[in-house]
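# Coordinate inspection notes
Residues per chain, in single letters:
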Amino acid sequence: MIKFLFLLFFCFCFSQKNQNHIDGVVAVVGDFVVLKSDVFEQTLLLAKQKNINPQKSPLVFERLFKKTLNEKIDRLVVLNAAQQDSTLEVSFDEINTNLEDRIDSFSAVFGSKKALEDTMKMSLSEIKSEYWEVVKEELYVEKFRVKNFGGVSINRQEVVSFFTENPDS
């Protein structure tokens, strides 16, 4: 774990010094490698959805990038565990339906499917191909969470009690 954190810190610091290089490894989780370009691309899409202009609000964009990176790392930790659970399955139809819904959603944000293609510089079939595995992974993670934590409910008092009793956590 310490090796992983050191590698993550090293990669992030190194990538910050070399701003003219867009790609590099920013994290490794199990067998998964997280590239800066992948996180950057995802952050650009989120920024567009939230009407954040990276040139006008670079600090806001940087916070969004860090948040996106942390969420990706968290998701990969869970995905790593989910893939080891042999009881979980994700079907072709589930992936396809989810991907179609996402494309429709992003098309609405960008104004049309053509605008989405132009922005991403890919055809719809290329977008589907590019994001097929991402959607599959996210569905695995969601099924893993529901399976393991779906029946867990925590009320406000339990949260307050926990933080009162564990102020360093």
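This text follows the structure it describes.
Let me begin by describing the structure that accompanies this report. (Residues numbered from 1 in each chain as written. Predicted model: local features only at pLDDT ≥ 70, side-chain atom pairs only at ≥ 80, totals over all residues. Heavy atoms only, no water.)

## What to know about empty space enclosed by the protein
The condition is simple: Each cavity reported here is a set of points on a 1 Å grid over the protein atoms alone in which a 1.4 Å probe fits but cannot get out, each pocket an open set with protein on both sides within 12 Å along at least five of seven lines, and each lining residue one with an atom within 4 Å of a point. Grid points are joined across faces, edges and corners, and a volume is the space filled by probe spheres set on the points. Secondary structure elements are taken from DSSP: a helix is a run of H or I of four residues or more, a strand is a run of E of two residues or more, and numbering for both begins at the N terminus.
Within the structure shown, the criterion is met by one cavity of 30 Å³ or more. When its volume is computed, the largest cavity comes out at roughly 60 Å³. Lining the largest cavity are Lys72, Arg75, Leu76, Leu79, Val134, Glu137 and Glu138. Of all the secondary structure elements, the ones that give two or more residues to the lining of the largest cavity are α3 (58–84) and α6 (124–149).

## Some remarks on the packing of aromatic side chains
The test is simple: Two rings from Phe, Tyr or Trp (for Trp, the six-membered ring) form a pair when their centres sit within 6.5 Å of each other. Planes less than 30 degrees apart are called stacked, planes more than 60 degrees apart edge-to-face, and all others tilted. Burial classes follow relative accessibility: with a 1.4 Å probe on protein chains only, a residue under 20% of its type's maximum area counts as buried, one over 50% as exposed, and anything between as partly exposed.
Tallying each qualifying case throughout the model produces three aromatic pairs. Arranged with centres 5.7 Å apart and planes meeting at 75 degrees, the rings of Phe40 and Phe61 form a pair that is edge-to-face. Within this pair, whereas Phe40 is found in helix α2 (residues 36–49), its partner Phe61 is found in helix α3, the two being separated by 21 residues in sequence. Phe40 sits in the partly exposed class, given a relative accessible area of 28%.

## As for the nonpolar core
General note: in soluble globular proteins, nonpolar side chains tend to be found buried as a group. In plain terms, the rule: Buried Ala, Val, Leu, Ile, Met, Phe, Trp, Tyr and Cys residues form a nonpolar core when they are joined through side-chain atoms within 4.5 Å. Throughout, a residue-residue contact means that at least one pair of heavy atoms, one from each residue, lies within 4.5 Å.
Val34, Met120, Ile127 and Tyr131 are the most contacted members of the largest nonpolar core, which totals 30 residues. If sequence neighbours within four positions are ignored, Met120 has contacts with Glu41, Leu45, Ile127 and Tyr131.

## Focus: the side chain of Glu137
Rules: Positive charges come from Lys and Arg alone, negative charges from Asp and Glu alone, with His and the N- and C-terminal ends not counted. Criterion for a salt bridge: a side-chain nitrogen of Lys or Arg within 4 Å of a carboxyl oxygen of Asp or Glu.
Inspection of the secondary structure puts Glu137 in helix α6. Despite being buried, Glu137 has no salt bridge partner; Lys72 is the closest side chain of opposite charge, sitting 6.0 Å away. Those residues in contact with Glu137 that sit more than four places away from it in its chain are Phe32 and Leu79.

## Examining the pattern of salt bridges
Inspection of every chain in the model, using the stated rule, returns nine salt bridges. The partner of Lys113 in a salt bridge is Asp104, with the nearest N and O atoms 3.5 Å apart. Here Lys114 makes a salt bridge to Asp118, at a shortest N to O gap of 3.0 Å. Of this pair, Lys114 and Asp118 both sit in helix α5 (residues 113–120), separated by four residues, roughly a single helical turn. For Lys114, a relative accessible area of 52% corresponds to the exposed category. For Asp118, a relative accessible area of 44% corresponds to the partly exposed category. Residues participating in the shared-partner salt-bridge network are Arg75, Arg102 and Glu138.

## Focus on a negative patch on the surface
The cut-off we apply is this: Patches here are clusters of residues that have more than 30% relative accessible area and form no salt bridge, with a 9 Å joining cutoff for like charges and a 5 Å cutoff for nonpolar side chains (Val, Leu, Ile, Met, Phe, Trp, Tyr). Methods summary: accessible areas were calculated by the Shrake-Rupley approach with a probe of 1.4 Å, and residue burial reflects only the protein chains presented. Think of each charge as sitting on NZ of Lys, CZ of Arg, CG of Asp or CD of Glu.
A contiguous patch of negative charge on the surface is contributed by Asp23, Asp38, Glu41, Glu126 and Glu130. For Glu130, the position within the fold is in helix α6.

## Quick word on a nonpolar patch on the surface
On the surface, a nonpolar cluster with roughly 610 Å² of combined accessible area is contributed by Phe149, Val152, Ile154, Val159, Phe162 and Phe163. Sorting elements by how many residues they give to the nonpolar patch places helix α7 (residues 156–165) first, with three residues. Summarising the element assignment, Ile154 is placed in the loop between α6 and α7.

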